[in-house]
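# Close look at the chain arrangement
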Amino acid sequence: MQGRLSAWLVKHGIIHRSLGFDYQGIETLQIKPADWHSIAVILYVYGYNYLRSQCAYDVAPGGLLASVYHLTRIEYGVDQPEEVCIKVFAPRRNPRIPSVFWVWKSVNFQERESYDMLGIYYDNHPRLKRILMPESWIGWPLRKDYIAPNFYEIQDAH
């Protein structure tokens, strides 16, 4: 089933894949990494001016990694804002997705967390570095194939 935004994107020749609707009726779309930045700009101009959240997850051990964006179209005088969920999948071996920091500044720490936990590189992010783990940490802790080290160093313990 095609939603309102998907129909608009098809009408304007913008390539995407509809993934249906979630349990709240929010339309979910899949965008290719190469197309994501330009489509993000289009969505912003179309009215999706608020990035509610960005997260990432490991689809399956050895499989794809996903970066998920929840966008909201906030307009004056509208009681029920329109929402959309965008999923961008990247290969595990070289997970690169264009950063949308320059479209929605609020994605800054969220993309950094996705990088830190899953190793997704967000191209053109102004300060992509670890945010939760120490810079010296090896590996990506939220990947399903991550092997936890058998030691834990407690720093600054009292």
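Criteria and thresholds
Residues numbered from 1 in each chain as written. Predicted model: local features only at pLDDT ≥ 70, side-chain atom pairs only at ≥ 80, totals over all residues. Heavy atoms only, no water. UniProt positions renumbered as here; feature names shortened; annotations may be inferred. Patch = residues over 30% accessible without salt bridge, like charges linked within 9 Å, V, L, I, M, F, W, Y side chains within 5 Å. Areas by Shrake-Rupley, 256 points an atom, 1.4 Å probe, with all protein chains shown as cover. Salt bridge = Lys/Arg side-chain N within 4 Å of Asp/Glu carboxyl O. Helix = DSSP H or I, 4+ residues; strand = E, 2+ residues; numbered from the N terminus. Buried < 20%, exposed > 50% of the residue type's maximum accessible area, 1.4 Å probe, protein only. Polar contact = N/O pair within 3.5 Å; in protein donor to acceptor, adjacent residues only side chain to side chain. Contact = heavy atoms within 4.5 Å. Phe/Tyr/Trp six-rings, centres within 6.5 Å; stacked < 30°, edge-to-face > 60°.

Per an unreviewed UniProt entry, the recorded name for the chain is NAD(P)H-quinone oxidoreductase subunit J, chloroplastic, and the organism is Actinidia deliciosa. Here is the UniProt Subunit (unreviewed entry) comment for the chain, exactly as written: "NDH is composed of at least 16 different subunits, 5 of which are encoded in the nucleus."

Attention now moves to a nonpolar patch on the surface. A contiguous nonpolar patch, built from V41, Y44 and V45 and spanning about 280 Å² of accessible area, is present on the exposed surface. Relative to the elements of secondary structure, Y44 occurs in helix α2 (residues 33–46).

Relative to the helices and strands, E82 is located in strand β5 (residues 82–90). Looking at E82, the relative accessible area reads 19%, which means it is buried. A distance of 3.5 Å separates a polar atom in the side chain of E82 from a polar atom in the side chain of R4. Looking at E82, its side chain comes within polar contact range of the side chain of Y48, at 2.6 Å. Not counting the four nearest positions on each side in its chain, E82 is found in contact with R4, Y48, L71, T72 and R73.

Right, let's talk about the pattern of salt bridges for a bit. Once their charged atoms are close, side chains differing in charge can pair, the charge on each being opposite to the other. Under the definition given, this model contains 8 salt bridges. A salt bridge links R92 to D145; the nearest nitrogen and oxygen atoms lie 3.6 Å apart. In this pair, R92 sits in the loop between β5 and β6 (96–98) while D145 sits in the segment after β7 (121–123), placing the two residues 53 residues apart along the sequence. Linking D123 and R96 is a salt bridge whose minimum nitrogen-to-oxygen distance equals 2.8 Å. Here D123, found in strand β7, pairs with R96, found in strand β6; they are 27 residues apart in sequence, far enough to count as distant.

What follows is about the packing of aromatic side chains. A full pass over the atoms with the stated rule returns 9 aromatic pairs. Arranged with centres 6.5 Å apart and planes meeting at 25 degrees, the rings of W36 and W104 form a pair that is stacked. Note that W36 is positioned in helix α2 and W104 in the loop between β6 and α3 (108–118), a separation of 68 residues in sequence. Accessibility assignment for this pair places W36 and W104 in one class, buried.

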